[in-house]
Amino acid sequence: MSSTVVPDLRPETFTIPGPPSRPAAAPKRQPGPKGFRPDIEGLRAVAVLAVLAFHASVPGLAGGFVGVDVFFVISGYLITSLLVREAITTGRIRLGEFFSRRARRLLPSAALVLGAVALAGAWLTVPLRRTDLEFDVLAAALSVGNWRFVAQQTDYLAAGREHSPLLHFWSLAVEEQFYLGWAPLLAAIVFFAARAARRGRAVRSTVALVAGVMTVGSFGLSLYWTHSSVSLAYLGTPSRIWQFGIGALLALLPWHKLPGPRPLRVVCGWAGLLAIGWTAVAYDATTPYPGYAALVPTLATAAVILAGTPDRSGVTPVPATRYGVDRLLSARLPRAIGRLSYNLYLWHWPVLVLVEARFGALDWPVKVALTAAAALPAMAALHWIEQPLRRSHILSELPRRGLSLGLAAVVVPVVLALVVGTGTLRLLGPAAPVDTLGLPPGAADGTSLLAKTGAPLKGGPVVPDAAQARKDFPPDGECEVAPTAVSSPACLFGVTTSPDRIVLLGDSHAGQWFSPLLAIAAERQWALEELVKQGCPLPELTVTNPQLGRTYRECDSWRAAALTRLEQGPKPRLIVVSSLNRYTDDQQLLLTAWEKTLKPLRALGVPIVYLQDTPVPGTDIPACVSGHTEDPSACSFGRDQSQWPDPLAQAIAAGRLPGVQSVEVNSVICPGKERSCPAVLERILLYRDDAHLTNVAAVVLTPRLERLLTESGALPGRSTPGTDGWTQLLRDDFDGPAGSRPSAANWQYDLGTCYPGCPAAQWGTGEIETMTDSTANVRLDGKGALEIVPTLENGRWSSGRIESRRSDLAPPPGGVMRIEASIALPDVTGPAAAGYWPAFWTLGAGLRDGYTGWPAVGELDVMEHVNGRDTVFGTMHCGTLDGGPCQEPKGLGSGDQSCGDCRKSFHTYAVEVDFTAGAEQVRWYLDGRQFHRVTAAQLDPATWDKAVHHGLFLILNVAVGGNLPTVLGGAVTPATEPGHPMRVQYVAVSTKAAARS
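For clarity, every value in this text was computed on a predicted model and none was experimentally measured.

**Student:** What's the story with the overall build of the chain in this structure? I'm lost.
**Tutor:** When helices and strands are counted, the chain shows 30 helices and 32 strands. Oriented by its inertia axes, the alpha-carbon framework of the chain measures out at about 120 × 65 × 55 Å. The 997 residues of the chain split such that 56% are buried. Partitioning the contacts of the chain with sequence separation of at least 6, the portion at a separation of at least 24 is 78%. Positive and negative side-chain charges in the chain, numbering 87 and 84 respectively, have mean positions lying 16 Å apart.

**Student:** Hey, could you run me through the state of the cysteines in this one?
**Tutor:** One way to say it: the disulfide is the covalent bond shared by the sulfur atoms of two cysteines. Per the stated rule, a full pass over the model turns up seven disulfides. Residue pairing for Cys 878: its cysteine sulfur links by disulfide to Cys 886, the two sulfurs lying 1.7 Å apart. The sign of the -75 degrees torsion about the S-S bond sets the Cys 878-Cys 886 disulfide as left-handed. The disulfide partner of Cys 899 is Cys 902, and the gap between their sulfur atoms is 1.6 Å. Given an S-S torsion of about 75 degrees, the disulfide between Cys 899 and Cys 902 has right-handed geometry. Comparing Cys 899 with Cys 902, the two get one shared label, buried.

**Student:** Any chance you could explain the pattern of salt bridges here in plain terms?
**Tutor:** Pairing is possible between side chains of opposite charge, provided their charged atoms come close. Counted by the stated rule, this structure contains 32 salt bridges. Across the salt bridge formed by Arg 37 and Asp 39, the nearest N and O atoms sit 2.8 Å from each other. The network of salt bridges with common partners includes Arg 818, Glu 820, Glu 912, Asp 914 and Arg 923.

**Student:** Would you mind going over the sheet that holds strand S20 (residues 796-799) with me for this structure?
**Tutor:** Two pairing modes exist for strands in a sheet, parallel and antiparallel, and in both the strands are linked by backbone hydrogen bonds. Across the sheet, three strands lie side by side as S16-S20-S19; this open sheet has mixed pairing. Lying at the two open borders of the sheet, with one neighbouring strand each, are strand S16 (770-771) and strand S19 (791-793).

**Student:** How should I be thinking about the packing of aromatic side chains in this particular structure?
**Tutor:** Two numbers describe a pair of aromatic rings. These are the distance of the centres and the angle of the planes. In this structure the tally under the stated criterion is 22 aromatic pairs. With 6.1 Å between their ring centres and 45 degrees between their planes, Tyr 234 and Tyr 289 make a pair best called tilted. Taken together, the positions of Tyr 234 in helix H8 (residues 230-235) and Tyr 289 in the loop between helix H10 (263-282) and helix H11 (295-307) put the pair 55 residues apart, joining distant regions of the chain. Against the face of Tyr 986 rests Arg 731, its NZ or CZ located 4.3 Å from the ring centre. Cation over ring: Arg 848 sits above Phe 953, and NZ or CZ is 4.1 Å from the ring centre.

**Student:** Sorry, what's going on with the nonpolar core here?
**Tutor:** Nonpolar side chains tend to gather and get buried jointly when the protein is soluble and globular. Phe 169 and Trp 182 are the most contacted members of the largest nonpolar core, which totals 107 residues. By residue number, the principal contributor to this core is helix H6 (residues 169-193), which donates 13 residues. Among residues more than four places away in sequence, those in contact with Trp 182 are Thr 80, Leu 83, Val 207, Val 210, Ala 211, Met 214 and Ala 248.

**Student:** What is the right way to look at unusual backbone geometry in this model?
**Tutor:** A negative phi angle characterises most non-glycine residues, just as the trans form characterises most peptide bonds. The step from Val 463 to Pro 464 runs through a cis peptide bond, and the omega angle for that step is -5 degrees. Position of Pro 464 among the secondary structure elements: in the loop between helix H17 (399-428) and helix H18 (466-470). Look at the link from Glu 888 to Pro 889: it is a cis peptide, with omega at 5 degrees. Inspection of the secondary structure puts Pro 889 in the loop between strand S25 (871-877) and strand S26 (892-893). Positive phi, normally seen in glycine, also occurs at Arg 683, with a value near 70 degrees. Counting through the fold element by element, Arg 683 comes out in the loop between strand S12 (680-681) and strand S13 (684-685). You can call Arg 683 buried: its relative accessible area is 17%. Despite not being glycine, Cys 758 shows a phi value in the positive range, around 50 degrees.

**Student:** Sorry if this is basic, but what is going on with the environment of Trp 182 here?
**Tutor:** With respect to the helices and strands, Trp 182 occurs in helix H6. With relative accessibility at 2%, the residue Trp 182 sits in the buried group. Remark: the alpha-carbon pair of Trp 182 and Ala 211, spanning 29 residues in sequence, is separated by 9.5 Å.

**Student:** Can you help me understand the environment of Arg 104 in this one?
**Tutor:** Within the element layout of this structure, Arg 104 appears in helix H3 (residues 95-124). Sequence separation of Arg 104 and Ser 164 is 60 residues, and the distance between their C-alpha atoms is 26 Å.

**Student:** Would you explain the pairing of strand S29 (residues 921-926) in this entry?
**Tutor:** In the case of a regular strand, side chains alternate between the two sheet surfaces. Of all the six residues making up S29, six are buried; the element is thus mostly covered by neighbouring parts of the structure. Here S29 shows a buried face lined by Gln 921, Arg 923 and Tyr 925 and a second buried face lined by Val 922, Trp 924 and Leu 926. Two elements, strand S28 (residues 907-914) and S29, share six bridges in a ladder whose sense is antiparallel. Bridge assignment links Glu 912 to a residue of S29, and that residue is Arg 923. The hairpin formed by S29 and strand S30 (residues 929-935) contains two residues between the paired strands, and Asp 927 there has a positive phi angle of roughly 55 degrees.

What counts, and at which threshold
Residues numbered from 1 in each chain as written. Predicted model: local features only at pLDDT ≥ 70, side-chain atom pairs only at ≥ 80, totals over all residues. Heavy atoms only, no water. Helix = DSSP H or I, 4+ residues; strand = E, 2+ residues; numbered from the N terminus. Buried < 20%, exposed > 50% of the residue type's maximum accessible area, 1.4 Å probe, protein only. Contact = heavy atoms within 4.5 Å. Lys, Arg positive; Asp, Glu negative; His and termini not counted. Charge placed at Lys NZ, Arg CZ, Asp CG, Glu CD. Disulfide = S-S within 2.5 Å. Salt bridge = Lys/Arg side-chain N within 4 Å of Asp/Glu carboxyl O. Pairing = 2+ DSSP bridges. Phe/Tyr/Trp six-rings, centres within 6.5 Å; stacked < 30°, edge-to-face > 60°. Lys NZ or Arg CZ within 6 Å of the ring centre and 35° of its normal. Core = buried A, V, L, I, M, F, W, Y, C linked by side-chain atoms within 4.5 Å.

Structure below.
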């Protein structure tokens, strides 16, 4: 889903550096450049108050996020000053002591917040949201939270999630990553400069050069990422280093020696503070950030710090700055807030987010009150954790003690998150993909979602469950292209060799209809072409992309390329278009944009169907349902807010766009005239996020969508016997109650391990199963499919093998007979599938007279599949037992035909016996694509005649073991899993008379 109103993807937080390197107890600064800077402590207060106001949504302070820039500059200045001072004084940098101090000051307070959030989340958040939160705790504790949030916020498919209570830890992660790189780098520089004659100058010059290069390079990267990925630019460490670099340069260069009147410091300081305040007021979510805009608060912070830097004399405070901004910032109140800023930063954001998660959206005065209340745990943490640990002589005596404390502060929240997260995962249950083959059939018409003749979903959990719904996407691979793409790959599905195809065109709200349209195309032996781009409006609108944080130029390029491809390519049979209906609330603008897009499509002269947008809940539906498993109705959402007026549908209904039809399913998934729409309907969980249907819901809606497209005249109905010259001889759709036997009028059982009289033991192929007529092995599933299931009991394998009662199935003279079935192969692969051998085949009628005469009597293997491989094949057996014209026992086979999802979904397998005079042949088809052929010319007339010129009977079975699986490396082993059925939707035999000359 996309929107012209860009969500504020700017992480609403900042990082506050650790406490000052010297206790802030003295009321005045000590002389000299080594003195404590109370004005910087006060500057922290300015930054934190701006960001707190921003988080509390205080009107007029939408740019308060610039506080993060202030803190990064301060951190770069203080840390570099500390390290360089130590290097010049002692000739080395003690990294152990440096990291020990950082660990004592920062990590215990952070660990306390992480632990509190992990525990509070178990009470205040719903289970599915809780799992996300515990992963956030892990990332924050390990100081990689920024990269976790980069991945989430650049992921279009993760849209619609609520803010994390730990989103603010991204900036702490950036600082820690900066320290981990900067301190060792400076230590290395000091090591090589230790013997220089003027060590201080050598160290400062070298470090300044490195800092300058780093700053320029990082700023350039920040500019680039700001225009290509706003989340990466804002949250990524490489694009933020330049702000630390500005602070480092302040600490390294001899600013105090710059000539100039002292009053200039006053102007510089006040101008910097005013510039920070101006950006907090003037900037908002539409400001491209960081980019060039971040220069203002960054350089303004540098100006404030520079204003308080000692002058050439080294005396502080500088006399001319008695009226400067440093005097204001050094006052008692700003310094008190500055000392509290780190802990206040840690506590306030989780308080706001968790309370909203529990009680819903809050007004800004309530947020202000909650932010103020967060000062209580912040002060407690400051006085009882941070300061005692920082001042502890026991911990500071040896660096390893501080490092051990830091390690413990990381381990404790990690363990806590793992414990809470594991319990939540158990509560949610497995998140394995839904088996769409087991879904009840959807209703083609009426007001119900599910067909009343199908097996209803009574009681029990919703389908998919909340965890499954999050991942229940259309199985279209990479064909729903990401925001950065400007064209779609060649995405053809179904019968890809067919000259007929359906085109699915639009954004992700079009992409959610992939599965139904693929099924509809496959039933007609057509192809489906998908042209879908995430967040890209199909109507010709210019929008801003939230993931990119700028104008969505790639969308305009992709749309033009897609329309050109359709104009220049083969003409499709049908174009289905769909798109989110809320890129703009200007209905006239939207209709005009639609007309621009539809104009070149209408010129193609192809039926066009507009599939109206589905409701947009606007809230994370799976998360809500995970917290209301007993009463999913609590997750219903407002009808008016979720369904906007649709000017295109209105224009089509008024007849203003000839050649374009409009269909909708909203009357079913949001039924009645209630003020709300359901999240769960007839136990089907409808939405996978805050805007898109689950793939399960789309699959269930397939029969309805097919009826709507057919009734609109855009789609021809399925061909029926007799209407196109075909006469149906046999058809079984396997309708009936679950657990019942297939029709006795159509089918008979083969039992045991061989035909009567046992002319060939183990069915002549070395199989190890015993065939039975038990419903444990052969049964209807109650959903319109036959199941043949191999089972294992007491070490003995059993399975099922049924034959058509009719054995007179044959083409008319000079005509054609088509035998076909829709089959989903056993969903098992690898070692668990060793020995599996499902098949659909025919034998000559003469075999039933004593069950002898194979292979001369003829065998047509329409489909065989062994060992769970991603291939199928067809074969003709005939002639003599060993060798001969049919190369027995191998037969005249097609070789392996790739079919990667034949174990996951139904596919159509067919064989045609063609008696056209002078061109007799047998042809094999997979989903309408011919893949094998044997002609009469390949065999001598007698062999051909004995193999095909007679009636046939059909066989469906799943063998276990046998010569063929063994040859192909699949002998049955203890790892072979029983219980995986072959499913058959229908079997049909039709004939067509010879064409008239």
